[in-house]
Amino acid sequence: MNAKNWRACVKDGVAVEKPVYAAQIALYQAYIEGTVPGISANPALFTAINKDTAELHHEHVPFDAGLAQRMSDRGVRILQATDAGELLPRIAANRDFFECRFCPWAERCWGLPA
């Protein structure tokens, strides 16, 4: 992480500052449970590197079953919509939204009717 993001993550934790990472951790804990029994009973170890200073931040992340379920359900909904040929709502109302500007799928997404 750059210094700004790293400091924020150290201050507020991964769940607050990087919820996408927290969701990924929760999904891993949930789905690996079948292979590694008890993994979800123990916190994951999240490590962030400050790419400007090489400082490390380590954080224990307890298993969040509700988050894992919500993210799993979200993935299922995306797959169901894809199979049905549905176009899910876009993240933004117009294509110049900052995340859309950097998305590799922007041309396809914005070329389709809403």
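The preceding data block contains the structure.
Okay, so let's go over this structure. (Residues numbered from 1 in each chain as written. Predicted model: local features only at pLDDT ≥ 70, side-chain atom pairs only at ≥ 80, totals over all residues. Heavy atoms only, no water.)

## Quick look at the overall build of the protein
- For the protein, the helix and strand inventory stands at six helices and two strands.
- The helix and strand sequence of the protein, counted from the amino end, reads α-α-α-β-β-α-α-α.
- Projected onto its principal axes, the C-alpha coordinates of the protein cover approximately 45 × 40 × 20 Å.
- Put simply, of all contacts in the protein between residues at least 6 apart along the chain, 43% involve residues at least 24 apart. (Helix = DSSP H or I, 4+ residues; strand = E, 2+ residues; numbered from the N terminus. Contact = heavy atoms within 4.5 Å.)

## Quick word on the nonpolar core
- The biggest cluster of nonpolar side chains holds nine residues, and these are M1, W6, C9, V14, I25, A44, F46, A48 and V61.
- When contributions to this core are tallied by element, the ones reaching two or more residues are α1 (3-12) and β1 (44-49).
- When residues of this core are assigned to their parent elements, the largest contribution, three residues, is made by β1.
- In this structure A48 touches M1, W6, E55, L56 and H57, once residues within four positions along its chain are discounted. (Core = buried A, V, L, I, M, F, W, Y, C linked by side-chain atoms within 4.5 Å. Buried < 20%, exposed > 50% of the residue type's maximum accessible area, 1.4 Å probe, protein only.)

## Overview of helix α3 (residues 19-32)
- An ideal rise of 1.5 Å per residue puts 20 Å on 14 residues; α3 measures up with 20 Å between its terminal C-alpha atoms.
- Residues A22, A23, I25, A26 and Q29 constitute the buried set of α3. Burial along α3 is one-sided: seen end-on, the buried residues are contained in an arc of 160°. Turned more than 90 degrees away from the buried face of α3, the exposed residues are V20 and Y31. (Expected span 1.5 Å × (residues − 1). Arc of directions from axis to C-beta.)

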